[in-house]
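What the coordinates show
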Amino acid sequence: MRNLEKAVFLDRDGVINYDVGNYTTSLKEFDVLEGVLETLKSWFDRGYGLVVITNQGGIDKGLFTEDTVTAMHHYLQGLCNLRGFAIDAFYYCVHHPEASGRCLCRKPGSLLVEKALHRFGLKPENCVMIGDRERDVEAAVGAGVRGILIEQNRGISGISPF
Ligand SMILES: [Mg+2]
Ligand SMILES: [Zn+2]
C-alpha cells in the first residue's frame, strides 16, 4: 500500500470505461476510454492516489457476478501495470435497492468514499472525486470531498483535479 497524502477517486463506468448505457456485464464489454490510462499515469506520477469507487448493483440483480467485476478490475490493473503504474484500491457496492434492498455503500451514499479516506489516512480536502453522475458528486460531498461532474464517456483527458 502506497503512503498517500492526496488522491483522486474515480467512478468507473462512463469515466474509465465506456458506459454502454446500462450495466457493463462482461469483460468483453469493458472498453477503456481513450486517454484514460495516460491521464491516470500522469496523476500517479505526481503522487496522487488512484481509487475506483463504483456501484455494481447488477451483481445484486443477478446480471453478472462478483467474479466478473473482479476480472474487470484485474484487467484494468494489468493495463495500468503495463504502463508502469497501479490503481491503489477498488471499492464497489454489490447492492441494488430493487434486489436486496437499501444499503449504506451505494452512491450517493458516502460510505465507500469514507472507507477509502480512512484506509489511506487521507484528508478529504486533499482529495477529489470524478464522476459522470450527480450521485458520484453527492457521495463525495457527503464525505467532505470535492466532486467534479464530467460528461459520460468523454474520458478524463484534460481534466485537472487539483
Ligand atoms: Mg458512471
Ligand atoms: Zn451497497
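Placed above this text is the structure.
Report on the accompanying structure. Note that this is a predicted model, so its numbers are computed, not measured. (Residues numbered from 1 in each chain as written. Chains lettered and ligands numbered in written order. Predicted model: local features only at pLDDT ≥ 70, side-chain atom pairs only at ≥ 80, totals over all residues. Heavy atoms only, no water.)

Before going further, it helps to spend a moment on the overall build of the protein. Along the protein, the regular secondary structure elements total four helices and five strands. Listed by position from the N terminus, the elements making up the protein come as β-α-β-α-β-α-β-α-β. For the protein, contacts bridging at least 24 residues in sequence account for 69% of all contacts bridging at least 6. As displayed, the protein has an accessible area near 7,800 Å², and 48% of this comes from carbon and sulfur atoms. (Helix = DSSP H or I, 4+ residues; strand = E, 2+ residues; numbered from the N terminus. Contact = heavy atoms within 4.5 Å. Areas by Shrake-Rupley, 256 points an atom, 1.4 Å probe, with all protein chains shown as cover.)

Let us look at the pairing of strand β1 (residues 7-10). Covered by surrounding structure in β1 are A7 and F9 together with V8 and L10, the residues of both alternating faces. Examined bridge by bridge, β1 and strand β2 (residues 49-55) share four bridges and lie parallel to one another. Each bridged residue has a counterpart across the sheet, and for V8 the counterpart in β2 is L50. What joins β1 to β2 is helix α1 (residues 36-45), and the crossover it makes is right-handed. (Buried < 20%, exposed > 50% of the residue type's maximum accessible area, 1.4 Å probe, protein only. Pairing = 2+ DSSP bridges. Right-handed = clockwise from strand over helix to strand, strands pointing away.)

The next point concerns the coordination of the magnesium ion (ligand 1). Binding of the magnesium ion (ligand 1) to the protein goes through D11 (OD), D13 (O) and D132 (OD), at separations of 2.1 to 2.3 Å. Positions of the donor residues of the magnesium ion (ligand 1) along the chain correspond to the pattern D-x1-D-x118-D. For D11, a relative accessible area of 7% puts it in the buried group. (Donors = N, O, S within 2.8 Å, 3.2 Å for Na, K, Ca; no water.)

Formed by 26 residues in total, the largest nonpolar core has its most connected members in L10, L40, W43, I130 and I156. Counting only elements with at least two residues in this core, the list comes to β1, α1, β2, α2 (66-82) and β4 (127-131). In contact with I156, not counting residues within four places along its chain, are L10, V15, V36, T39, L40, W43, I130 and I150. The next biggest cluster of nonpolar side chains, apart from the first, holds 21 residues, and it includes L4, F120, L122 and V145. (Core = buried A, V, L, I, M, F, W, Y, C linked by side-chain atoms within 4.5 Å.)

Geometry reference: four tetrahedral donors at a metal, ideal angle 109.5 degrees. Six octahedral donors, ideal angles 90 or 180 degrees. Donor atoms from the polypeptide that bind the zinc ion (ligand 2) are C93 (SG), H95 (ND1), C103 (SG) and C105 (SG), placed at 2.0 to 2.3 Å. Relative to the metal, the four donor atoms surrounding the zinc ion (ligand 2) lie at angles of 101 to 118°, and the coordination shape comes out tetrahedral. Every donor residue of the zinc ion (ligand 2) comes from the same chain, spaced as C-x1-H-x7-C-x1-C. (Tetrahedral: all angles 85-135°; square planar, octahedral: opposite > 155°, others 65-115°.)

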